[in-house]
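# Chain and residue survey
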Amino acid sequence: MIKNQPSQNSPFLLAQEEESFDYKKFVTKIISNWLLFLVSVILFGGIGYVYKRYATPNYKIKAMMLVSDDKPGASSGASGGLSTLTDISSLLGVPNNAENEAGILKSRTVITNVVKDLKLNIIMYRRGRLKTVELYDEAPFLVNITYKTDSIQGRRYDVKIEKNIIHLINSKDDIDVKAKFGETINLPQYNLEFISKPNNPTNKLGYYIDILSVESAVENLSKAVEVGLTSKTTTTIDLALEYPNSKKGEAILNKMMEVYLKDNITNKVQIADSTLAFINNRLYLVDKELSGVESEFEQFRRENKIADVDEQSKALIGASTDFQKQLSTLDVQISVARDLQNYLNNPNNKRIIPGTLTIDGSDGLSETIQGYNQLLLESDKLGMTNTENNPYIKNLDSRIENFRNIILKDLSIYLKGLIVGKNNLQEQNKVFTGKIETVPALSRKFLDYTRLQTVKQDLYIFLLQKREETAISKTSTISTARIIDSAKSDYEPDKSKASLVSMLFLVVGVLAPLGFLSLKELFNIRIISKDDIEEGSKIPVVGEISHNSTDNNLVVDGKSRSIISEQFRGLRTNLQYLLSSDKPQVIMVSSSMSGEGKSFVTLNIGSVLALSGKKVVFLELDLRKPKLSDNLGIDRQNGFSNYIVSTSMDIESILKPTGFSENCFIVSSGAIPPNPSELLLSDKLDHLVRELKSRFDYVIIDSAPVGLVSDALIIEKYADITLYIIRQRYTLKSQLGIVNDLVETKKLKRAYLIINDIEFKKAGYYGGYGYGYGYGYGYGYGYGYSEDVKTNDGWSSRFKKKK
């Protein structure tokens, strides 16, 4: 039965219809390359196992902190009109929140202090036969380092200890020194000193020491540590770290929390110290002013011998008491505001503005002052590790200047409001002043001294109270955070990553052969499998011939029972479905180029047809490189070309027996002509074909390749069927376009494909036509044989392949 036989109305097109994924082809490809998959899986699986077995797993270390989310709140202040000037909750800094503290906890400043305190840029390893192990306190020595330069390059040193002698080696820097414990080892970038720890045993295989720059160690630790809130509704912070040494990982997280808490308290103490210094300075000035007013008042009373105020003065003073208190409060507020304004107007004053001097009725101004203080603190921290030219420092200074200008602008507006309020009170107080004018001058002056003394005394008491509050707050300063859970590692190391990598290696072991086969198929330009043909052409395949592993070109005879002979018998059966049995048939055999086995297939098709009792004649019309006669060991002289150009030769003179079958004859090509195409256009060819059809059941024409010359297209009109030969691993995929185009343009009618020289196992050719056999032969032949004919005794040797 013919495979891929199209309907009569279906054109032979190159374009293939879109098909779904061919699972059968996929599975068959895997099975046919099972050894490649097995080797790949074993190889990559082995690599994955070795990695899992010897990779250093990490311990998961966790810790937890609780942050107090401070909120500004009201508190009792000084007595009288000064009670609303300050908020005690703002004494020691700006409000805190968990998100800000989590950011500070992982800040570069904190990480740098941890690296320096624990010397994390010096990493020690114990050498093993298959892997190294990072050490911490279990190392038999400590390493002290003294830097010679600010920037160093990372280096690894090989350390061996023999009889308390340190042997330090680094081949990159050509370092090979020996020293005793406690001696200084002078190196280009730094000096090292090894301190012995006698209680820890020494490893015979030695140690490795990695010395990194502090910047590199900080970068590595920043990437390794994870800091985040437990949830959005809580103020607890989770710290996590994966590290190969559990003790060292715990020490790192504990040190991070310790440094953070220490810095937190230091910041609060710094604010308190700044506030105390400001208050003490103001107390000194106010004390001098109050002492001067009291001295003048005392001298006034003594000189005028005033022991008491007359009843009228007492009444007036009592009536104006409320106004005096309000004016006193405004004077104090104006004085504080002006002090702050003078303090900020001086560019050299870059100290923190005391939070105690916040101003009543101006919450926005208080918040701005708190923001200004926070920026100053951040600038002080970064200034310790960065230069003034750092872009971030410059940006921070610009923000500080903006905050200072905003505070000055708000203070100016606030002062204007206080002055307006004071003017209103003074206008109201004029009524009492007019009445006081009737009082003796001594009483009026007494009232002035009393008022001035009251203002200075209230300001002095206010400052004293704030100094005590600040001193108490400083001595009882606690951090805004506390440790809930100290760092603790898991009991067992986490091997999930190693298992995942091992599994990935196994997956790669499966995918690598698939990728290799896919790339191989992608870059292959020659026909390898039947799928290449089915994807490139709609022309039916009428036969599949496996590789001929023998030395004979004639593989079909009456006694042959080989697989290849059975394949030609199957081809004969298929041809019976395609050809009419009631009249002679002409079969033309062609291909794309020389070397595809056209003559080999022609010879064996004729032989297998002759075995069925049919009379067969070979017509060798490949006039450029004839090989059929050579394969049969027959002289090419007196052949077709001689017949065409001769006027006296008849058919009997060119018809020759093949020798292997009495039913088979051949008309050889004759002498190679200079004009093959013109000979094929001769009318004598038409006469020759009609004469041969009258004498034989089958006329098999061995034509020239259609991909090279047009000879086959000239004689195609005589053929009832065209067999187009495709050779596995030899014919180019692009050459299918030749036969497709010829069929589509109807230059070849009734064309069918024969796949030749199939090596099933080697090339992955599967699904053999009609049989499903798999072979592994080697086969090679092609055009270009010597034209000299060599004959041998015995007909079987006449069909041996040319080497």
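## Considering the overall build of the protein chain
- Within the protein chain one finds 23 helices and 21 strands.
- Out of the 803 residues in the protein chain, the part that is buried amounts to 46%.
- Look at the contacts in the protein chain between residues 6 or more apart in sequence, and 79% of them connect residues 24 or more apart.
- Total accessible area computed for the protein chain in this model is approximately 41,300 Å², and 52% of it derives from carbon and sulfur atoms.

## What about the packing of helix 4 (residues 108-118) against helix 5 (residues 214-224)?
- Following both chains from N to C, one finds helix 4 and helix 5 inclined at 115°, their axes separated by 9 Å at the closest point. As for how helix 4 packs across helix 5, the hand of that crossing is right-handed. Seen from helix 4, the contacting residues are Arg108, Ile111, Thr112, Val114, Val115 and Lys116; seen from helix 5, they are Val214, Glu215, Ala217, Val218, Glu219, Leu221 and Ser222.

## Some remarks on the confidence of the model for the protein chain
- Confidence along the protein chain averages 78 in pLDDT terms, with 80% of residues attaining 70 or more.
- Contacts for the low-pLDDT stretch residues 1-18, under 50 throughout, to residues beyond four places or in other chains number 42 contacts.
- Counting interchain partners and residues more than four positions distant, the pLDDT-below-50 stretch residues 766-799 has 103 contacts.

## So, helix 22 (residues 736-744)
- When we look at burial in helix 22, the residues that qualify are Leu736, Val739, Asn740, Leu742 and Val743. For helix 22, the arc enclosing every buried residue in end-on projection is 165°, short of the 170-degree limit, so these residues lie on one face.
- Each element contacted by the buried residues of helix 22 is listed here: helix 13 (530-536), helix 21 (711-715), strand 20 (721-727) and strand 21 (751-758).
- Remark: Lys746 follows helix 22 within two positions and exhibits a positive phi of approximately 65°.

## Describing the sheet that holds strand 3 (residues 133-135)
- Taken together, the 6 strands give an open sheet; going across it, the order is 3-2-10-5-6-7, and neighbouring strands pair in antiparallel fashion. Whereas interior strands pair on both sides, the edge strands pair on one side only; in this sheet they are strand 3 and strand 7 (175-180). This sheet shows a mean twist of 30° between the axes of neighbouring strands, independent of strand direction.
- Bridge analysis of strand 2 (residues 122-126) against strand 3 gives 3 bridges, and the strand direction is antiparallel. Bridge pairing in strand 3 places Tyr125 opposite Glu134.

## Notes on the pattern of salt bridges
- In total, this model carries 17 salt bridges according to the counting rule given.
- Residues Glu258 and Lys255 are paired through a salt bridge, measuring 3.4 Å at the closest nitrogen-oxygen approach. With Glu258 and Lys255 both in helix 6 (residues 246-304) and 3 residues apart, this pair spans about one turn of that helix.
- For Glu258, a relative accessible area of 45% corresponds to the partly exposed category.
- One network of salt bridges, with partners in common, ties together Lys598, Asp622 and Asp702.

## Observations concerning the nonpolar core
- Residues Leu619, Phe640 and Leu692 are the most contacted members of the largest nonpolar core, which totals 43 residues.
- In this structure Leu692 touches Val617, Leu619, Ile651, Leu655, Val667 and Val699, once residues within four positions along its chain are discounted.
- Val556, Val589, Ile605 and Leu723 belong to the second largest nonpolar core, which has 35 residues in total.

## A look at the side chain of Ser565
- Here Ser565 shows up in helix 14 (residues 563-578).
- On the basis of relative accessibility, which here comes to 0%, the residue Ser565 falls in the buried class.
- Residues contacting Ser565, with those up to four places away along its chain left out, are Val555, Val556 and Ser560.

## A look at the pairing of strand 2
- With 4 of its 5 residues buried, strand 2 lies for the most part within the structure.
- Where strand 2 meets strand 10 (residues 207-211), 5 bridges bridge the pair, whose relative direction is antiparallel. Paired with Arg126 across the strands is Tyr207, a residue of strand 10.
- As consecutive antiparallel partners, strand 2 and strand 3 are separated by 6 residues.

## Re the sheet that holds strand 13 (residues 481-489)
- The strand order 11-12-1-13 describes an open sheet built from 4 strands, whose pairing is antiparallel. Each edge of the sheet is formed by a strand with only one pairing partner; in this case those strands are strand 11 (226-229) and strand 13. When the angles between neighbouring strand axes are averaged without regard to direction, this sheet yields 15°.
- One ladder, built from 8 bridges, connects strand 1 (residues 59-67) with strand 12 (residues 236-243); its direction is antiparallel.

## Some points on the environment of Lys106
- Considering the arrangement of structural elements, one finds Lys106 in the loop between helix 3 (98-105) and helix 4.
- The contacts of Lys106, once residues within four sequence positions are left out, are Ile111, Ser222, Val225, Glu226 and Val227.
- For Lys106, the side chain forms a polar contact with the main-chain oxygen of Val225, separated by 2.8 Å.

## Describing the packing of aromatic side chains
- A full pass over the atoms with the stated rule returns 5 aromatic pairs.
- A centroid spacing of 5.4 Å and a plane angle of 85° characterise the contact between Phe141 and Tyr207, whose relative ring orientation is edge-to-face. With a gap of 66 residues between them, Phe141 in strand 4 (residues 141-147) and Tyr207 in strand 10 connect regions that are remote in the sequence. Tyr207 shares its class with Phe141; the two are buried.
- Here a set of aromatic residues connected by ring pairs shows up, and it is made of Phe141, Phe194 and Tyr207.

## Re helix 15 (residues 598-611)
- Taking 1.5 Å of rise per residue, the 14 residues of helix 15 would be expected to cover 20 Å, and the 20 Å separating its terminal C-alpha atoms lies within 8% of that figure.
- Here helix 15 lies mainly inside the structure; 13 of its 14 residues are buried.
- Positive backbone phi, at 90°, marks Gly613, one or two positions downstream of helix 15.

## Quick look at unusual backbone geometry
- With phi around 55°, Lys119 is a residue other than glycine that occupies positive phi space.
- If you check the backbone angles, Lys163 has positive phi at about 55° while not being a glycine.
- By secondary structure assignment, the location of Lys163 is in the loop between strand 5 (155-162) and strand 6 (165-170).

## Re the environment of Asn100
- Along the chain, the position of Asn100 falls in helix 3.
- When the C-alpha atoms of Asn100 and Val67 are compared, they prove to be 10.0 Å apart, with 33 residues separating the residues in sequence.

The rules behind the values
- Residues numbered from 1 in each chain as written.
- Predicted model: local features only at pLDDT ≥ 70, side-chain atom pairs only at ≥ 80, totals over all residues.
- Heavy atoms only, no water.
- Helix = DSSP H or I, 4+ residues; strand = E, 2+ residues; numbered from the N terminus.
- Buried < 20%, exposed > 50% of the residue type's maximum accessible area, 1.4 Å probe, protein only.
- Contact = heavy atoms within 4.5 Å.
- Areas by Shrake-Rupley, 256 points an atom, 1.4 Å probe, with all protein chains shown as cover.
- Axes fitted to C-alpha atoms, helices over the stretch in contact; angles between N-to-C directions.
- Left-handed = near helix turned anticlockwise from the far one by under 90°.
- pLDDT = per-residue confidence, 0-100.
- Arc of directions from axis to C-beta.
- Pairing = 2+ DSSP bridges.
- Salt bridge = Lys/Arg side-chain N within 4 Å of Asp/Glu carboxyl O.
- Core = buried A, V, L, I, M, F, W, Y, C linked by side-chain atoms within 4.5 Å.
- Polar contact = N/O pair within 3.5 Å; in protein donor to acceptor, adjacent residues only side chain to side chain.
- Phe/Tyr/Trp six-rings, centres within 6.5 Å; stacked < 30°, edge-to-face > 60°.
- Expected span 1.5 Å × (residues − 1).

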